[in-house]
Amino acid sequence: MPEFCDVALPVPLDTAFTYHIPDGLEPVVGGRVLVPFRQQRMSGIVVDAHNRQPSVKTKDILNVLDVAPVLDDSLMRLARWIADYYLAPLGEVFRTMLPLGAEFKRAIAYRITEEGRLALHQAGMSGSSARSRRTPEEQLTEFRVLDYLGARDTVREESLRAVARVSKTLLSGMGRKKWIVREDFSGVRDATRTVKVAILKSADCKLNENQSLLVDTLAAAGGRVTVEILHTLDVPRTTLGTLVKRGLVEIAEEPEQFSVSGLKARRSPFDFQFNSAQQGALKRIREAVDSRTFSGMLLHGVTGSGKTAVYLAVMRAVLEAGRSAILLVPEIGLTPAMAADLHQVFGNEVAILHSALSDQERTEQWHRIKRGAARIVVGTRSAVFAPVADLALIIVDEEQDSSYKQEETPRYHARDVAVMRAKMANAIVVLGSATPSLESYFNAKKKKYALVELPDRVEQRPLPEVEIIDMRQEFQETGHEQVISRKLTEEIKERLSRHEQVMVLLNRRGYSPVVLCRTCGKTLECKNCAIALTHHKRARKMQCHYCGYTAPVPQHCIHCGSEYVYFLGTGSEKLEELLHGLFPEARIGRLDRDTVRGRDDFERMLAGMDAGEIDLLVGTQMIAKGHDIHNVTLVGVVGADMALGMPDFRAAERTFQLLTQVAGRAGRGGTHGKVVLQTYFPDHYAVQFAANHDFAGFYEKELRFRSWMHYPPYSALANVLVRSSKLDEALQWSGTLGKWFERTRHEGIRVLGPAAAPILRLKQDYRYHFILKSASREKLNTLLRTMLAYAAQQKIPRTQVIVDVDALWLM
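Residues numbered from 1 in each chain as written. Predicted model: local features only at pLDDT ≥ 70, side-chain atom pairs only at ≥ 80, totals over all residues. Heavy atoms only, no water.

### A short note on the pattern of salt bridges
- Inspection of every chain in the model, using the stated rule, returns 41 salt bridges.
- Residue Arg-415 pairs with Glu-399 through a salt bridge whose shortest N-O separation is 3.1 Å. Of this pair, Arg-415 sits in helix α14 (residues 414-425) while Glu-399 is found in the loop between β18 (391-397) and α14, placing the two residues 16 residues apart along the sequence. The burial state of Arg-415 is the same as that of Glu-399; both residues are buried.
- In this structure, a network of salt bridges that share partners links the residues Glu-467, Lys-487, Glu-491, Glu-494, Arg-495, Arg-498, Glu-500 and Lys-674. (Salt bridge = Lys/Arg side-chain N within 4 Å of Asp/Glu carboxyl O. Helix = DSSP H or I, 4+ residues; strand = E, 2+ residues; numbered from the N terminus. Buried < 20%, exposed > 50% of the residue type's maximum accessible area, 1.4 Å probe, protein only.)

Structural data, given as structure tokens:
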């Protein structure tokens with residue numbers, strides 16, 4: 001039996017920690033253990049068990065949480081690859097892979113010490129000390145804390161902070177004075193979701209009106225209704241309690257059922273006859289799966305070409321063979337629709353994983369997958385870590401989407417992790433898209449992936465006609481700035497008269513993105529970020545879309561006091577208002593982060609579109625991907641070229657992808673579709689190629705620019721960001737690393753910087769960055785690892801140096 005074990009903890013340190021294994025505990029590699037770490041308890045993953053005596057004194061593990069590994073050998077290997085490639089602490093990788101937070105309960109409590117009782121007595125006897133450095137308010141708060149704890153044994157932190165109105169900082173200070181002791185009672189808890197159900201036992205007695213309503217409701221539902229539903233009835237809550245006391249109703253706690261999707265499933269793809277291109281694609285993928293050797297495929301099909309039907313067909317073949325498959329989708333909003341389709345085909349074999357689920361729901365779904373109750377998994381980027389057995393297939397839908405890249409540690413790209421996981425499991429990975437990323441298409445052309453094409457829409461439906469509206473000319477002809485052009489207004493009016501549906505894209509949230517003072521010329525900026533606050537009219541607030549900071553809507557300029565405050569620009573909320581004014585009879589919905597707070601909101605909006613209850617849908621890029629609504633015959637694009645002005649080498653690619661994707665929502669039924677594309681840059685190649693549905697043309701032109709500037713796919717790229725809440729520190733640290741890069745030999749690697757990040761200040765941190773480019777990923781990784789070691793030597797905190805390998809966001 002090993003005497004010690006190495007544990008990876010979710011902390012920003014690139015090391016595992018060695019603990020002693022006490023008698024009676026048997027941790028397993030790949031399983032979780034509860035350990036003391038500094039002043040708290042943490043759960044971590046055992047990465048090794050051994051008898052090597054450490055050079056320092058070790059603490060005992062407190063508890064073993066798993067008798068069997070929660071991460072098998074293949075997932076442990078994958079985690080180590082992610083930690084190595086993305087230069088991330090292994091413990092933080094494990095935390096991302098395991099959505100089991102609901103099973104671990106954080107519980108911090110405080111108790112008073114003898115020193116604290118003495119301080120309380122002295123404060124009561126003599127009052128506050130005149131020489132104290134603490135303010136009278138702080139002294140009063142400390143007295144409240146000591147007085148409250150003095151009458152009790154231990155008190156939970158949240159209760160103490162609520163009653164005594166005390167900050168964590170003040171509690172820490174009282175702990176340093178040894179007046180109070182902090183105790184950590186964190187540990188395992190049952191994460192099973194339950195629901196209270198009312199069960200009708202008898203109704204043969206005299207009842208008043210309210211009691212009769214409850215009993216009738218129960219009887220109509222077969223004698224069983226959740227208490228939550230009964231509470232929505234217009235009767236006092238005490239009525240149910242009275243029925244329980246009389247023995248007429250019983251309250252039972254039962255496991256809560258999980259709904260895969262609230263959306264109605266679309267028509268089964270197997271009701272259609274596959275065209276020759278679909279049959280060919282299905283045959284190639286099935287042959288690859290049957291070979292049980294790794295293969296990567298790029299399924300490039302135009303919008304509406306039936307890629308989803310191919311996915312479902314090959315997943316059905318995988319399931320019939322007794323094996324497992326994972327389907328990744330980019331947006332949480334696409335998960336319910338895809339899950340509804342999968343549930344229609346595969347029933348209860350489907351599990352879903354994404355961040356909009358509660359902690360308990362994610363834990364429940366993870367365990368279903370782990371025990372083999374669900375062999376088909378659909379979800380967003382974290383679903384790539386689903387613990388399926390005998391993995392045969394991973395499909396990455398809309399593989400070009402930037403949401404597959406995580407923007408916090410570990411900064412992995414789910415598409416690339418999917419490729420590596422498939423390689424380790426001898427499985428097949430299929431990357432699907434109408435607008436593949438340049439990197440993926442380049443790899444396919446270089447034969448790293450097999451290229452499978454679906455060049456036509458299903459049932460010989462034509463691609464939509466695209467009409468470009470030059471907004472410069474619109475301004476010249478009308479004499480004023482237009483948000484919605486005359487042509488788009490006419491086209492919407494015509495579609496509404498024919499009872500067809502319309503989508504209008506404006507990829508900007510809020511009402512107005514800028515508030516400008518016409519007297520002093522200054523804008524209203526976020527206090528934490530170098531970003532203008534966005535006006536949200538309905539919520540009556542100004543909001544930062546990066547840190548969440550809010551401020552009241554200004555009546556006067558906060559800089560000079562002038563009353564000439566001007567709201568500039570248009571967001572999706574203002575566009576919705578303008579369309580209501582133009583089409584007062586139309587039923588208009590809006591789909592953006594302000595109207596969609598959770599899975600239910602998205603499902604409700606899409607269900608309304610499918611049922612024809614919404615005539616016109618306004619939204620951000622959330623409306624652009626994956627939605628298959630057959631009665632949408634017109635798509636309008638407002639501000640199509642906004643992204644072209646961004647200081648980002650991928651700006652043209654992102655613009656082309658967004659325009660192509662949103663155009664693909666039109667004409668997916670029996671009626672021909674049309675796209676009206678408003679732009680101030682009608683001659684830009686990204687706009688022209690998107691209007692002509694010409695991916696190959698765009699790819700060739702963009703690739704030439706990338707080769708000249710040595711950008712991906714011709715080189716690997718990393719962004720090194722140095723940040724600090726103090727400007728002097730950020731400048732000093734970035735200067736230190738800049739000098740190190742200058743004097744360090746790094747052949748074959750270009751280092752640009754240091755330079756101020758395009759957004760200089762974000763979430764209270766000042767930011768400077770370096771961009772590194774190299775044809776060799778190995779050399780780049782080695783240099784970055786050496787740089788991090790040097791930064792540690794120079795006492796630059798690890799959390800203040802962010803290394804983003806294969807960075808997508810350089811702002």
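### Re the sheet that holds strand β32 (residues 716-724)
- The antiparallel open sheet is built from 4 strands, whose spatial order is β33-β34-β32-β35. The outermost strands of the open sheet, each flanked by one partner alone, are β33 (749-762) and β35 (801-805). Across the sheet, the mean angle from the axis of one strand to that of its neighbour is 20°, orientation sign disregarded.
- Note: β32 against strand β34 (residues 765-774), 9 bridges, orientation antiparallel. Paired with Leu-717 across the two strands is Lys-773, which belongs to β34.
- This element, helix α23 (residues 727-743), spans β32, β33, β34 and β35 of the sheet and lies at about 20° to β34. (Pairing = 2+ DSSP bridges. Axes fitted to C-alpha atoms, helices over the stretch in contact; angles between N-to-C directions. Contact = heavy atoms within 4.5 Å.)

### Quick notes on the sheet that holds strand β17 (residues 376-379)
- A sheet is described by the order of its strands in space; here 7 strands give the open sequence β16-β17-β15-β18-β19-β14-β20, paired in parallel fashion. Each edge of the open sheet is held by one strand with a lone partner, namely β16 (350-353) and β20 (450-454). Neighbour-to-neighbour, the strand axes of this sheet turn through a mean angle of 20°, independent of strand direction.
- Where strand β14 (residues 295-301) meets strand β19 (residues 428-433), 6 bridges bridge the pair, whose relative direction is parallel. Each bridged residue has a counterpart across the sheet, and for Leu-299 the counterpart in β19 is Gly-432.
- In the packing of helix α10 (residues 276-291) onto the sheet, the strands contacted are β14, β18, β19 and β20, and the crossing angle to β20 comes to about 155°.
- In the packing of helix α13 (residues 359-370) onto the sheet, the strands contacted are β16 and β17, and the crossing angle to β16 comes to about 140°.

### Section: the pairing of strand β29 (residues 616-619)
- Burial of β29 is two-sided: the residues Leu-616 and Val-618 facing one way and the residues Leu-617 and Gly-619 facing the other way are all buried.
- Two elements, strand β22 (residues 501-505) and β29, share 4 bridges in a ladder whose sense is parallel. Counterpart to Met-503 in the pairing with β29 is Leu-617.
- Pairing geometry for strand β28 (residues 588-591) and β29, over 4 bridges, is parallel. Within β29, the position partnered with Leu-591 by the bridge is Gly-619.

### Notes on the side chain of Thr-633
- By secondary structure assignment, the location of Thr-633 is in strand β30 (residues 632-637).
- One polar contact links Thr-633 to Arg-495, side chain to side chain, over a distance of 3.4 Å.
- Aside from chain neighbours lying at most four places away, what touches Thr-633 is Arg-495, Glu-500, Gln-501, Ala-666, Gly-667, Thr-671, His-672, Gly-673 and Lys-674. (Polar contact = N/O pair within 3.5 Å; in protein donor to acceptor, adjacent residues only side chain to side chain.)

### Examining the packing of aromatic side chains
- Within the structure shown, the criterion is met by 19 aromatic pairs.
- Put simply, the rings of Tyr-441, Phe-656, Tyr-685, Phe-695, Phe-698, Tyr-699, Phe-705 and Trp-708 pair up and form one aromatic cluster.
- Geometry around Trp-179 places Lys-177 over its ring, the cationic atom sitting 4.4 Å from the centre. (Phe/Tyr/Trp six-rings, centres within 6.5 Å; stacked < 30°, edge-to-face > 60°. Lys NZ or Arg CZ within 6 Å of the ring centre and 35° of its normal.)

### Observations regarding the nonpolar core
- If you look at the biggest cluster of nonpolar residues, it comprises 114 residues, and the most contacted ones within it are Phe-94, Leu-328, Val-637, Leu-737, Leu-772, Leu-784 and Met-787.
- What Val-637 contacts, discounting residues up to four positions off in sequence, is Leu-505, Leu-659, Val-662, Val-675, Val-676, Leu-677 and Gln-678.
- Listed in part, the 36 residues of the second largest apolar core include Leu-282, Val-289, Leu-327 and Ala-392. (Core = buried A, V, L, I, M, F, W, Y, C linked by side-chain atoms within 4.5 Å.)

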